[in-house]
Amino acid sequence: MNALSGITRVTLLKDLRLEWRSKDAINSMLFFSLLVVVVFSFSFDPTAEESRQIAGGLVWVAFLFAAVVALNQTWAREIRNQVLDAYRVSPAPANSLFVAKTLGNFILVSVLEALMTPLFIVFYRLQSLGPVWQLGLVAALGTWALVVNGTFFAAMSLRTRSREIMLPLLLFPISIPALVAMVQATTAILDGEGARFWIVLLGTYDLVFTTVCLLLFETVLNAE
Amino acid sequence: MKRGFPIVGVLTAILLIYALYEALVGAPTEQTMGNVQRIFYYHVPSAWTAFILFFINFGASIFYLIKRNQAADMVALVTAEVGVVFCTVVLITGPIWARPVWGIWWTWDMRLTSTLVLWLIYVSYLFLRRFSSSGETPLLAAALGVLGALCVPFVYFSIWFFRTQHPQPVMGGGGSIDPRMLHVLLINWLAFLCFAFLVCWSRYRLEKLQRDVDADHALESLLDLRGSAR
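Note that the structure is predicted; figures quoted are calculated from it, not measured.

## Observations regarding the overall build of chain A
And then number 1: From N to C terminus, chain A includes 9 helices and 0 strands.
And then number 2: Seen in sequence order, chain A has helices and strands lined up from the N terminus as α-α-α-α-α-α-α-α-α.
And then number 3: Against the compact-globule benchmark of 17 Å for 224 residues, chain A has a radius of gyration of 18 Å, which places it among compact chains.
And then number 4: Seen through its principal axes, chain A has C-alpha atoms that stretch 55 × 35 × 30 Å.

## A word on the overall build of chain B
And then number 1: Assigned secondary structure in chain B consists of 6 helices and 0 strands.
And then number 2: Its helices and strands taken in sequence order, chain B reads α-α-α-α-α-α from the N to the C terminus.
And then number 3: The principal-axis extent of the C-alpha atoms belonging to chain B is close to 80 × 45 × 25 Å.
And then number 4: Sequence-distant contacts, at least 24 apart, represent 77% of the contacts inside chain B between residues at least 6 apart.

## Structural notes on the interface of chain B and chain A
And then number 1: Contacts between chain B and chain A engage 26 residues on the former and 23 residues on the latter.
And then number 2: Within the side of chain B that touches chain A, the residues separate by chemical class into 19 nonpolar, 6 polar and 1 charged.

## Some words on the packing of helix 2 (residues 40–67) of chain B against helix 3 (residues 70–102) of chain B
Residue and element names in this part refer to chain B.
And then number 1: Orientation of helix 2 relative to helix 3, taken along the N-to-C sense of each, is 155°, at an axis distance of 7 Å. Here helix 2 lies roughly antiparallel to helix 3, going by the angle between them. Between helix 2 and helix 3 lies a crossing of left-handed hand.
And then number 2: For the contact of helix 2 with helix 3, the class distribution of residues is 19 nonpolar, 9 polar and 2 charged.

## Re the environment of Ala70 of chain A
All names here are of chain A.
And then number 1: Within the secondary structure layout, Ala70 lies in helix 3 (residues 48–74).
And then number 2: Residue class for Ala70 comes out buried when judged on the 24 C-beta atoms lying within 10 Å of it.
And then number 3: Spatially, the C-alpha atoms of Ala70 and Asp45 are 29 Å apart, while their sequence positions differ by 25 residues.
And then number 4: Setting aside anything within four residues of it in sequence, one finds Ala70 in contact with Ala25, Met29, Asn105, Leu108 and Val109.

## Some thoughts on the nonpolar core
All names here are of chain A.
And then number 1: Counting 121 residues, the largest nonpolar core has Ala67, Ala185 and Leu202 as its most contacted members.
And then number 2: At 15 residues, helix 8 (residues 163–190) tops the list of elements feeding residues into this core.
And then number 3: What Ala67 contacts, discounting residues up to four positions off in sequence, is Val109, Leu146, Val147 and Gly150.

Conventions adopted
- Residues numbered from 1 in each chain as written.
- Chains lettered and ligands numbered in written order.
- Predicted model: local features only at pLDDT ≥ 70, side-chain atom pairs only at ≥ 80, totals over all residues.
- Helix = DSSP H or I, 4+ residues; strand = E, 2+ residues; numbered from the N terminus.
- Rg over C-alpha atoms; globule rule 2.2 N^0.38 Å.
- Contact = placed C-beta atoms within 7 Å.
- Nonpolar A, V, L, I, M, F, W, Y, C, P; charged D, E, K, R; others polar.
- Axes fitted to C-alpha atoms, helices over the stretch in contact; angles between N-to-C directions.
- Parallel < 35°, antiparallel > 145°, perpendicular 65-115°, else oblique.
- Left-handed = near helix turned anticlockwise from the far one by under 90°.
- Buried ≥ 20, exposed ≤ 12 C-beta atoms within 10 Å, placed from the backbone.
- Core = buried A, V, L, I, M, F, W, Y, C linked by C-beta atoms within 7 Å.

As structure tokens, then:
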């Protein structure tokens, strides 16, 4: 347990430091989701009444697309100089690496969401009729759902041809229930209705998929 | 085993012809929908067959993850491929029926949406199998097979509140059906199951042959290398 947390911490700090110095992922994600927001506003008329109906969907689709940008870069760094092979040879538990990568992506996508939310509020004149802390909870659970599956599938698609396109092909179908729950919960909260069912569903989804990803990650990492 | 194949093939063909006759001629015409309703005898058995095949895929994937058994991997591959075909049949026959009865081709209804998502998951499974390099395919595919199957209950719950206008399930639901129609439906299901089994079997033999040939090729090139080195 101690080794697990130690390796997780070191890997996480290394990734965050690399990202802090280069800011490659966060910049491309920010610009990408900005583009999504602008393109959407041309596709739909973002007037106040209708925008509340579709805002939940819009926000999450933008974040989902942007998250794929970050997720695709997760493992690419470790392929160079055969870092991943070295990791597989080392006695370090595979799951600590997975947890570190997932946490790293979670932090990255959360930062993106924190920076992009004000923009959404301004562009779509959003106003929450329900409690805001619930929106935060939905955001955290939803981001975790995207990131935990995304990190897992990114590790999986490393071994495939044309891996950049493979990740969304694998991630999107499996994420549909989580996406539905996030969108419905967000829309319900913005409209001032209860979203308890969706939050519980999202929490269960997170629990099940985190467990299964942790159980299967070592197998996928060592697949040969 | 090899001799059994043509026998099963002929029996399935006879059963399919009989089922077709029963569905088109034997079954009573539905009161309100008329002859359009007869598509039901293809739609529902295809759906049940597809679900069974996906379930076998799930079982085979778990078995592969535990035992690393080549046969289990081939079963998983075959059932996913044939299951996607049957699921496609469901998604095509549904709208053909819905257009005259509901007046629309498609609606984002609970059952329609969940079937579509199921189809998407297993198509992505086939994509993964196609795009990954051969040595790792079984493992990655098995992992995705397990995750995909676990996703199904969540799909179901997440669209629980979508309004449904799909007829109630015939089995274990609130729907009721004329016993004569049920009889025809079950005959069709049996025929479809036999057909699916036959296609799976044939595809399994092909896959096995392909893998044997690949293994022989690899061995041959290895022996050639040794021969030229000498």
